[in-house]
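Take a look at the letters that make up each chain.
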Amino acid sequence: GNGTISAYDENASAADKGGMSVSPSQTSPVTSTRLDRTLTDLHVDFRPSSTDDAVFTSLEQNAFYFWDLSHPDFFRIRAHWRGEAPDEDSRTELELVAAKINPVEFSPKLFIVPLADDEGYQLVAETTLIIADGVSDEQLTGFITRSVASIAEVLHALERQLPDMVTWDVDAPHEEDR
């Protein structure tokens, strides 16, 4: 080495590291129970998916969120934007906006999906955390809060650019709430 002590050198004392403590919080697997507790602690109003007990859903400001633990190595947060592209021209417009955002934003990644009824298209924003070796509570909470903030920022920008595609008012009651 070059004689310097890294802040991440586990054999160095706290004094050698400038008083910086780097003992990581204990990591543990991300289970549905743990995700339930973390989302509850973060005051997220969610419910289990009707089709998969490893997936939770919630309605946030301008998107319908899926909190997905169905893959053992990844935790995905997927937000389906409240806007819709009803035809091919508006789909192209949505794709152009996503193509401008994806190369410059680390997270979330945006993609376009057909609506379930094949009556148009919807933008999805997604973030992914690798959880194969477990994560600490701080990592899990940080990932969720940063993901929601970055998704909200991108979707708000999208709504400013494409206001005609917004299909529901943030303050209006929704089918899922009835």
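The text that follows walks through the structure, step by step, so that each part is easy to find.

As for unusual backbone geometry
Then, number 1: Residue Ser107 is joined to Pro108 through a cis peptide bond whose omega torsion reads 5 degrees.
Then, number 2: Relative to the assigned elements, Pro108 resides in the loop between α2 (88-101) and β5 (109-114).
Then, number 3: Phi is positive for His43, close to 60 degrees, though the residue is something other than glycine.
Then, number 4: Counting through the fold element by element, His43 comes out in the loop between α1 (32-41) and β1 (46-48).
Then, number 5: Overall, His43 belongs to the exposed group, its relative accessible area being 72%.

Section: the pairing of strand β4 (residues 74-81)
Then, number 1: For strand β3 (residues 63-68) and β4, the ladder comprises 6 bridges, and the chain directions are antiparallel. Paired with Asp68 across the strands is Arg76, a residue of β4.
Then, number 2: Hairpin geometry of β3 and β4 is characterised by an intervening segment of 5 residues between the two adjacent antiparallel strands.
Then, number 3: Examined bridge by bridge, β4 and strand β6 (residues 121-130) share 7 bridges and lie antiparallel to one another. Note on β6: the bridge partner recorded for Arg76 is Thr128.

Things to note about the packing of aromatic side chains
Then, number 1: Summed over the entire model, instances satisfying the criterion amount to 4 aromatic pairs.
Then, number 2: With centroids separated by 5.3 Å and ring planes inclined at 75 degrees, the aromatic side chains of Phe64 and Phe66 adopt a geometry described as edge-to-face.
Then, number 3: Its relative accessible area of 25% is what places Phe66 among the partly exposed residues.
Then, number 4: Cation over ring: Arg91 sits above Tyr121, and NZ or CZ is 4.5 Å from the ring centre.

Rules of the game
Residues numbered from 1 in each chain as written. Predicted model: local features only at pLDDT ≥ 70, side-chain atom pairs only at ≥ 80, totals over all residues. Heavy atoms only, no water. Helix = DSSP H or I, 4+ residues; strand = E, 2+ residues; numbered from the N terminus. Buried < 20%, exposed > 50% of the residue type's maximum accessible area, 1.4 Å probe, protein only. Pairing = 2+ DSSP bridges. Phe/Tyr/Trp six-rings, centres within 6.5 Å; stacked < 30°, edge-to-face > 60°. Lys NZ or Arg CZ within 6 Å of the ring centre and 35° of its normal.

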